[in-house]
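So you can see what is in the structure, the chains are spelled out below.
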Protein chains: 2
Amino acid sequence: MKLYDMELSGNCYKVRLLCSLLAIPYESVPVDLVNGEHKSAAFLCKNPRGQVPVLDDDGMLVWDSSAILLYLARQYGGDYWLPLDIKTMTEIMQWLSVSQNEILYGLARARAAMKFNRPWDIEQCRAHGKLGLAALEQHLSDRPWLAGAHETIADIACYPYVALAPEAGVPLADFPTIRQWLKRIQSLPGYITMPGIVNPDD
Amino acid sequence: MKLYDMELSGNCYKVRLLCSLLAIPYESVPVDLVNGEHKSAAFLCKNPRGQVPVLDDDGMLVWDSSAILLYLARQYGGDYWLPLDIKTMTEIMQWLSVSQNEILYGLARARAAMKFNRPWDIEQCRAHGKLGLAALEQHLSDRPWLAGAHETIADIACYPYVALAPEAGVPLADFPTIRQWLKRIQSLPGYITMPGIVNPDD
């Protein structure tokens, strides 16, 4: 299995993290985003959106981090990381959506504006991201995981850019319940980190 | 079944459209977005994100348009609209993600900036939306539907804000394959429209 990858991308890290939790071996193929390799004709054949991550599982190409999490969970994780009962699957979809909305277009864009000079309105992105954090903080106040009875791909999808929020200029001091959830994920057997993620209590 | 609804919202229309295609009866409860009803304490109990649509199916509350499509498909649509084989489910998730990324943060935001004076950078949003249209145009060049062998919730999720692209100042003249796909959806038994959607050939 090959993962077209970028070390500082939270979306790529989601995939690396789930692979590690599931003990799936893979080869990381770095994509040179700085020099535009993701917009080359060769790469667009793998992913018409010109983004990382892309997974190549013996010729089965999957792009989009949420779709890759779904694929890995169902192909290699039995029923654990994405149960198919309607209620749990619906809850997981809700938080996958939050991961692609407030978290990606809020927190991740604010981080990309600060760290990679992307042309987004930082304050607008931070405000959008904080709406997502408020929803997470409330939702986690009476349960340990986002959806269902245990950890799922919903937690993996939301985790990276929340854990990286301080790099977006959004400290997590006011979100004690989220900080407990971050530590719960960091305690999972097989957990790996990425550059920029700090101890939630620091 | 109650749908907390807003006539001009493409995200609400997705749900109305799938209900109509599945012949599911429901009561539409209009939410007064202009006067901020979606941010009221009463509404935030239904959806902590303060957005429409929200579905209330006999006490089962579901927010987020993608999650509602998933719920309705699995609860009332058998295996047709969201098949669970890994390959098709992965493909559907890819296009649900496009619907929440380039289409929502590109096309829908550009439309909201034009139509409802929302504070988004219109040109930036249009450029982002066009990336999504290019991916759709390429993907549909050799298949009639976005995922699997027939229409699915992937098509329903992507359809509204693509059909409404002219309201975002993004004409579809350069996307003939997309226009054929729009007409294919408009020919489905039970299809309903919403204000702002015009004949793709006009």
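Residues numbered from 1 in each chain as written. Chains lettered and ligands numbered in written order. Predicted model: local features only at pLDDT ≥ 70, side-chain atom pairs only at ≥ 80, totals over all residues. Heavy atoms only, no water.

K.L.:
Is there a simple way to think about the overall build of chain A in this case?
P.N.:
Counting its secondary structure elements, chain A contains eight helices and four strands. Taken from N to C terminus, the helices and strands of chain A fall in the order β-α-β-α-β-β-α-α-α-α-α-α. In summary, chain A has a C-alpha radius of gyration of 16 Å against a globular reference of 17 Å for 202 residues, a match within 12%. C-alpha extents for chain A along the principal axes are approximately 45 × 40 × 30 Å. Expressed as a percentage of its 202 residues, the buried residues of chain A come to 58%. Within chain A, residue pairs in contact and separated by at least 24 positions form 63% of the contacts whose partners lie at least 6 positions apart. Charge centroids of chain A, computed over 18 positive and 23 negative side chains, lie 4 Å from each other. (Helix = DSSP H or I, 4+ residues; strand = E, 2+ residues; numbered from the N terminus. Rg over C-alpha atoms; globule rule 2.2 N^0.38 Å. Buried < 20%, exposed > 50% of the residue type's maximum accessible area, 1.4 Å probe, protein only. Contact = heavy atoms within 4.5 Å. Lys, Arg positive; Asp, Glu negative; His and termini not counted. Charge placed at Lys NZ, Arg CZ, Asp CG, Glu CD.)

K.L.:
Even after reading the chapter, I still don't get empty space enclosed by the protein, so can you show me in this structure?
P.N.:
Per the stated rule, a full pass over the model turns up one cavity of 30 Å³ or more. Estimates place the volume of the largest cavity at around 110 Å³. Along its surface, the largest cavity is lined by 14 residues, and Leu70(A), Met93(A), Leu70(B), Met89(B) and Met93(B) are the ones closest to its centre. The set of elements that each furnish at least two residues to the lining of the largest cavity consists of helix H4 (86–100) of chain A together with helix H4 (86–100) of chain B. Of the residues contributing to the lining of the largest cavity, the split by class is 14 nonpolar, no polar and no charged. (1 Å grid on protein atoms, 1.4 Å probe; cavity = no way out; pocket = protein on both sides within 12 Å on 5 of 7 lines; lining within 4 Å. Points joined across faces, edges and corners; volume = space filled by probe spheres on them. Nonpolar A, V, L, I, M, F, W, Y, C, P; charged D, E, K, R; others polar.)

K.L.:
How should the sheet that holds strand E4 (residues 60–63) of chain A be read in this particular structure?
P.N.:
The pairing of strands in a sheet happens through backbone hydrogen bonds and is either parallel or antiparallel. All names here are of chain A. Strand order in this open sheet of four strands is E2-E1-E3-E4, and the pairing throughout is mixed. The open sheet terminates on both sides in strands that have one partner only, identified here as strand E2 (27–30) and E4. Taking each pair of neighbouring strands and ignoring which way they run, the sheet shows an average axis angle of 20 degrees. Bridge analysis of strand E3 (residues 54–57) against E4 gives four bridges, and the strand direction is antiparallel. If you follow aspartate 57 over to E4, its bridge partner there is methionine 60. Against the sheet, helix H3 (residues 65–76) contacts E3 and E4, and its axis sits at roughly 135 degrees relative to E4. (Pairing = 2+ DSSP bridges. Axes fitted to C-alpha atoms, helices over the stretch in contact; angles between N-to-C directions.)

K.L.:
Where do I start with helix H6 (residues 122–139) of chain B in this structure?
P.N.:
Side chains that are three or four residues apart share a direction in an α-helix, a result of its 3.6 residues per turn. With 18 residues, H6(B) should reach 26 Å at 1.5 Å per residue; the first-to-last C-alpha distance of 26 Å fits that figure. Taken as a whole, H6(B) has its buried residues at Cys125(B), Arg126(B), His128(B), Gly129(B), Gly132(B), Leu133(B), Ala135(B), Leu136(B), Glu137(B) and His139(B). If you follow the buried residues of H6(B), they end up packed against helix H5 (102–116) of chain A together with H4, helix H5 (102–116), helix H7 (153–163) and helix H8 (176–186) of chain B. The distance from a side-chain oxygen at the start of H6(B) to the backbone nitrogen of Glu123(B) is 3.3 Å, and the residue carrying that oxygen is Asp121(B). (Expected span 1.5 Å × (residues − 1). Polar contact = N/O pair within 3.5 Å; in protein donor to acceptor, adjacent residues only side chain to side chain.)

K.L.:
Please explain the packing of aromatic side chains as it appears in this structure.
P.N.:
In this description, an aromatic ring pair is defined by two values, namely the gap between the centres and the angle between the planes. Residues and elements named next belong to chain B. Inspection of the entire model under this criterion finds 13 aromatic pairs over all chains. Seen in terms of ring centroids, tyrosine 80 and tryptophan 81 are 5.8 Å apart; in terms of plane orientation they differ by 70 degrees. Their pairing is edge-to-face. Judged by its relative accessible area of 35%, tyrosine 80 falls in the partly exposed class. Residue class for tryptophan 81 comes out buried when judged on its relative accessible area of 7%. Aromatic side chains tyrosine 159 and tyrosine 191 sit 6.0 Å apart centroid to centroid with 85 degrees between the ring planes, which places their arrangement in the edge-to-face category. Taken together, the positions of tyrosine 159 in helix H7 and tyrosine 191 in the segment after H8 put the pair 32 residues apart, joining distant regions of the chain. Tyrosine 191 carries the same exposure label as tyrosine 159, and that label is buried. (Phe/Tyr/Trp six-rings, centres within 6.5 Å; stacked < 30°, edge-to-face > 60°.)

K.L.:
Which parts of the structure should I look at to understand the interface of chain A and chain B?
P.N.:
Size of an interface, as often reported, equals the accessible area lost when the parts are brought together. Each side of the interface is counted separately: chain A has 37 residues, and chain B has 37 residues. Buried area between chain A and chain B, both sides added, is near 3,400 Å², and the carbon and sulfur share of it is 63%. Ranking the residues of chain A by area buried against chain B places Met93(A), Gln94(A) and Tyr105(A) at the top, with a combined share of 17%. Across the pair Arg49(A) and Glu102(B) runs a salt bridge, and its minimum N-O distance is 2.9 Å. Those elements that provide at least two residues to the side of chain A that touches chain B are E4, H3, H4, H5 and helix H6 (122–139) of chain A. No other element matches H4(A), which puts eleven residues into the side of chain A that touches chain B. Residues of the side of chain A that touches chain B, tallied by class, amount to 20 nonpolar, eleven polar and six charged. (Buried area = accessible area lost by both parts, 1.4 Å probe. Salt bridge = Lys/Arg side-chain N within 4 Å of Asp/Glu carboxyl O.)

K.L.:
I keep staring at the relation of the copies chain A and chain B and nothing clicks. Help me out?
P.N.:
There are two copies of the chain, and a rotation about an axis plus a shift along that axis relates them. Its rotation angle being 180 degrees, the transformation that places chain A on chain B also includes 0.0 Å of axial translation and leaves an RMSD of 0.0 Å. The transformation just described matches what one would write down for a two-fold rotation axis. Rotation axis and chain A: the residue whose C-alpha lies nearest the axis is Gln100(A), separated from it by 3.4 Å. Take the interface residues of chain A: 100% of them recur as interface residues in chain B, which is what a same-surface contact looks like. (Least-squares fit on C-alpha atoms with pLDDT ≥ 70 in both.)

K.L.:
So what exactly am I meant to see when it comes to the nonpolar core here?
P.N.:
The tendency in soluble globular proteins is for nonpolar side chains to be buried as a group. Residues Ile153(A), Tyr159(A), Trp181(A), Ile153(B), Tyr159(B) and Trp181(B) are the most contacted members of the largest nonpolar core, which totals 148 residues. In contact with Ile153(B), not counting residues within four places along its chain, are Leu18(B), Leu69(B), Leu70(B), Ala73(B), Trp81(B), Leu82(B), Ile92(B) and Leu96(B). (Core = buried A, V, L, I, M, F, W, Y, C linked by side-chain atoms within 4.5 Å.)

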